[in-house]
Amino acid sequence: MSLKAGIVGLPNVGKSTLFNAITKKHILAANYPFATIEPNVGVVTVPDTRLAFLENLYVPNSLVPTTFEFTDIAGLVKGASKGEGLGNKFLSHIREVDAIVEVVRCFKNSDITHVEGEINPVRDMDIINVELILADLEIIENRLGKIVKKAETTKDKQSLLEVSALSKGQEALMNNIPLRRVTFTEEELEVLKSFNFITAKPIIYAANVSEDDAVVGSNEYTEEVIEYAKQDNAKVIIMCAKLESELSELDDEDKANFMQEMGLDASGLDKLIRATYDLLGLQTFFTAGKDEVRAWTFTKGMKAPKCAGIIHSDFEKGFIKAEVMSYEDLEQLGDEKAVKEAGKLRLEGKDYIMQDGDICYFRFNV
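Residues numbered from 1 in each chain as written. Predicted model: local features only at pLDDT ≥ 70, side-chain atom pairs only at ≥ 80, totals over all residues. Heavy atoms only, no water.

**Considering the overall build of the chain**
Then step 1. When its secondary structure is counted, the chain shows 15 helices and 12 strands.
Then step 2. Looking at the chain residue by residue over its 366 residues, the buried ones come to 47%.
Then step 3. Excluding contacts between residues fewer than 6 apart, the proportion of contacts in the chain whose partners are at least 24 apart in sequence is 71%.
Then step 4. When the accessible surface of the chain is summed, it comes to about 18,000 Å², and 49% of that surface belongs to carbon and sulfur atoms. (Helix = DSSP H or I, 4+ residues; strand = E, 2+ residues; numbered from the N terminus. Buried < 20%, exposed > 50% of the residue type's maximum accessible area, 1.4 Å probe, protein only. Contact = heavy atoms within 4.5 Å. Areas by Shrake-Rupley, 256 points an atom, 1.4 Å probe, with all protein chains shown as cover.)

Structure (structure tokens):
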């Protein structure tokens, strides 16, 4: 799976610090705008406690978790849609991602300059929202200028559908409504897909707080972010990027001890990665045996042959059946033999929709 999430935000809100923590890479993180000029791409491991159980059960030669990509994109500033700062680069890079993680500054620190002066999360989110809306609106207006007359003249069904869908989007954007909040028909969504509209992408907000507020779990600013995010039915993950960056340097044991001392029950970073994975519509199935226990990423709603093809194209071409048991059944019953004896091992065909946590063995013939 090549799906990826893009980390966006104003300059100096903690994007690159967060990216460092996510990928354990040390890219340039500086106290001035545009410290990140080219998008930095990193592969992140998705935390999954199920792997530990499977590893203990099968004792495999190798253990492979599931992953996806995070991209750190240059900080956006007011006027980006008109080319201000690195606006054009920012907008082209963000169009390439599948979901957006917007980092919002919710901490005070006189040593770190805020590009807009004082701390104001709602203003910051509005700046980004407006710039992305203007960028999408420009694309719609340019396209409508080329296609409206043709659609009216030829009465071509597809052209008329495109005009209708774009006009609906235009009206929303002109009223400051991102496209993700607009209800489109399946046919309209298919027409709009090729435009790769930024405001149609799903979004999650990362409220970047101080270390003390990370322990408490909120502050006056995070409440504003949570209220704002309700408009998008979006999740808000409260975390301290600086703290997460420090935690990423520790081994698992030291990390657990440090978190216990801080009074944290879970890493904000793990919560963010997991929430972004879900936001992308991703799920996990497993293959398990003595040679390897491996987690595989698939898109929710995929059928068994397509999932088999993620492992190898021959598996999809020659798909016969999938032997499937659920992780829950295996964990509850203890081993494969008990699962079989309980009648919980199933043979599924080409129309089976894969479920999160399925443990599979694919039968195929090429």
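**Considering the side chain of Ser326**
Then step 1. Topologically, Ser326 is positioned in strand 10 (residues 319-326).
Then step 2. Residue classification places Ser326 among the buried positions, given a relative accessible area of 12%.
Then step 3. There is a polar contact of 3.0 Å between the side chain of Ser326 and the side chain of Asp329.
Then step 4. For Ser326, the residues in contact, after removing those within four places along its chain, are Arg346, Gly357 and Asp358. (Polar contact = N/O pair within 3.5 Å; in protein donor to acceptor, adjacent residues only side chain to side chain.)

**Structural notes on the nonpolar core**
Then step 1. Grouped together as the largest cluster of nonpolar side chains are 58 residues, with contacts concentrated most on Phe68, Phe70, Tyr205 and Leu272.
Then step 2. The residues contacting Phe70, other than those within four sequence positions of it, are Ala5, Ile7, Phe19, Ile22, Asn40, Val41, Gly42, Val44, Val101, Ile273 and Thr276.
Then step 3. Counting 17 residues, the second largest nonpolar core, distinct from the first, contains Ile133, Leu144, Ala151 and Val182. (Core = buried A, V, L, I, M, F, W, Y, C linked by side-chain atoms within 4.5 Å.)

**Concerning the pairing of strand 9 (residues 292-299)**
Then step 1. Bridge analysis of strand 3 (residues 62-64) against strand 9 gives three bridges, and the strand direction is parallel. Pairing of Leu63 across the sheet is with Val293, part of strand 9.
Then step 2. As defined by bridge partners, strand 8 (residues 282-288) adjoins strand 9 across seven bridges and the pair is classed as antiparallel. Residue pairing across strands places Gln283 opposite Phe298, the latter belonging to strand 9. (Pairing = 2+ DSSP bridges.)

**Considering helix 8 (residues 220-229)**
Then step 1. Three or more residues of helix 8 are buried, namely Tyr221, Thr222, Val225, Tyr228 and Ala229. Along the long axis of helix 8, the arc covered by the buried residues comes to 120°, so they all point the same way.
Then step 2. Along its buried surface, helix 8 packs onto strand 5 (99-105), helix 4 (121-154), strand 6 (203-208) and strand 7 (236-239).
Then step 3. Of the residues flanking the start of helix 8, the one acting as N-cap is Asn219, its side-chain oxygen 2.8 Å from the backbone nitrogen of Tyr221. (Arc of directions from axis to C-beta.)

**Things to note about the confidence of the model for the chain**
Then step 1. In the predicted model, the chain carries a mean pLDDT of 86, and the fraction of residues at 70 or more is 89%.
Then step 2. Least confident of the elements in the chain is helix 3 (residues 87-95), whose mean pLDDT is 68; most confident is helix 14 (residues 327-333), at 97.
Then step 3. Every residue in residues 25-37 scores below 50 in pLDDT, and together they form 37 contacts with partners more than four places removed in sequence or on other chains. (pLDDT = per-residue confidence, 0-100.)

**Side note on the environment of Glu224**
Then step 1. Take Glu224: it is sitting in helix 8.
Then step 2. Residue classification places Glu224 among the partly exposed residues on the basis of a relative accessible area of 31%.
Then step 3. Through-space distance from the C-alpha of Glu224 to that of Pro121 is 7.1 Å; in sequence the pair is 103 residues apart.

**Quick word on the pattern of salt bridges**
Then step 1. Inspection of every chain in the model, using the stated rule, returns 19 salt bridges.
Then step 2. With a shortest N-O distance of 2.8 Å, Arg123 and Asp124 are connected by a salt bridge.
Then step 3. For the salt bridge of Lys242 with Glu211, the shortest nitrogen-to-oxygen distance reads 3.2 Å. With a gap of 31 residues between them, Lys242 in helix 9 (residues 241-247) and Glu211 in helix 7 (residues 211-216) connect regions that are remote in the sequence.
Then step 4. Residue class for Glu211 comes out partly exposed when judged on its relative accessible area of 24%.
Then step 5. A single network of salt bridges, built from pairs that share partners, joins Asp48, Arg50 and Asp356. (Salt bridge = Lys/Arg side-chain N within 4 Å of Asp/Glu carboxyl O.)

**Examining a negative patch on the surface**
Then step 1. A grouping of Asp251, Asp252, Glu253 and Asp254 is seen on the molecular surface, where their side chains present a negatively charged patch.
Then step 2. Tracing the backbone through its elements, the reader meets Glu253 in helix 10 (residues 252-262). (Patch = residues over 30% accessible without salt bridge, like charges linked within 9 Å, V, L, I, M, F, W, Y side chains within 5 Å. Lys, Arg positive; Asp, Glu negative; His and termini not counted. Charge placed at Lys NZ, Arg CZ, Asp CG, Glu CD.)

**A few points about the sheet that holds strand 4 (residues 67-72)**
Then step 1. In spatial order, the strands read 2-4-1-5-6-7; together these six strands make up an open sheet with mixed pairing. The outermost strands of the open sheet, each flanked by one partner alone, are strand 2 (40-45) and strand 7. Ignoring which end each strand starts from, the neighbouring axes of this sheet average 25° apart.
Then step 2. Of the strand pairs in this sheet, strand 6 and strand 7 are connected by four bridges, and their pairing is parallel. The residue bridging Tyr205 from the neighbouring strand is Val236, located in strand 7. (Axes fitted to C-alpha atoms, helices over the stretch in contact; angles between N-to-C directions.)

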